[in-house]
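What follows is the residue order along each chain.
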Amino acid sequence: GSQYTSEAYQRILQTLGITCSMSRSGCCYDNAAMKRFFWSLKHEWTNHQRFANLDEARSSAFRYIETFYNPRRLHEALERLSPDECPQWLRANKDEKETPGRLSRDVHEAEYDGGRSG
């Protein structure tokens, strides 16, 4: 990823009016959710399928998100809940100290920083 932080690359982005979005330096968990989403879309849904045009690809991605990924796919970061189940869980457990994903996120951060985060 160092090529994306180079001054030349950043100048090109600025010239084109593009705002760069990067994770914190050295933190592999910042972008993990999006990487996992795109892996799932590519491998679970399309299996590297070729689409006739952009509209067909968009329609397929929409179906994946709305009929499988959000309502049914269990997510490790949400303690094995689907994204659609998470708000219901939060309402039902509003007095709980732990939230879905909180425990696993803390474990990952502790593993990442050698346990220094407490």
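Structure first, text after, so check above.
These remarks concern the structure in this document. (Residues numbered from 1 in each chain as written. Predicted model: local features only at pLDDT ≥ 70, side-chain atom pairs only at ≥ 80, totals over all residues. Heavy atoms only, no water.)

1. Points about the overall build of the chain
Stage number 1. When its secondary structure is counted, the chain shows 5 helices and 0 strands.
Stage number 2. Listing the helices and strands of the chain from first to last along the sequence gives α-α-α-α-α.
Stage number 3. Relative to its full complement of 118 residues, the chain shows a buried share of 17%.
Stage number 4. The contacts in the chain between residues at least 6 apart in sequence include a share of 26% that link residues at least 24 apart. (Helix = DSSP H or I, 4+ residues; strand = E, 2+ residues; numbered from the N terminus. Buried < 20%, exposed > 50% of the residue type's maximum accessible area, 1.4 Å probe, protein only. Contact = heavy atoms within 4.5 Å.)

2. Thoughts on helix H3 (residues 54-69)
Stage number 1. All of the buried residues along H3 are Ser60, Tyr64 and Tyr69. For H3, the buried positions fall inside an angular range of 85° around the axis, keeping them on one side. Exposed residues pointing more than 90 degrees away from the buried face of H3 are listed as Asp55, Arg58 and Phe62.
Stage number 2. On the buried face of H3, the contacting elements are helix H2 (32-46).
Stage number 3. Where H3 begins, one side-chain oxygen reaches toward the backbone nitrogen of Asp55, 3.2 Å away; that side chain belongs to Asn53. (Arc of directions from axis to C-beta. Polar contact = N/O pair within 3.5 Å; in protein donor to acceptor, adjacent residues only side chain to side chain.)

3. Some details on the pattern of salt bridges
Stage number 1. Within the structure shown, the criterion is met by 2 salt bridges.
Stage number 2. Across the salt bridge formed by Glu44 and Arg73, the nearest N and O atoms sit 2.9 Å from each other. In this pair, Glu44 is assigned in helix H2 and Arg73 in the loop between H3 and helix H4 (85-92), connecting sequence segments 29 residues apart.
Stage number 3. Judged by its relative accessible area of 37%, Glu44 is partly exposed.
Stage number 4. Looking at Arg73, the relative accessible area reads 10%, which means it is buried. (Salt bridge = Lys/Arg side-chain N within 4 Å of Asp/Glu carboxyl O.)

4. Let's talk about unusual backbone geometry
Stage number 1. Backbone geometry at Asn47 places phi at a positive 45°, although glycine is not the residue there.
Stage number 2. For Asn47, the position within the fold is in the loop between H2 and H3.
Stage number 3. The backbone of His48 shows a phi angle near 65°, a positive value even though the residue is not glycine.
Stage number 4. Tracing the chain through its elements places His48 in the loop between H2 and H3.

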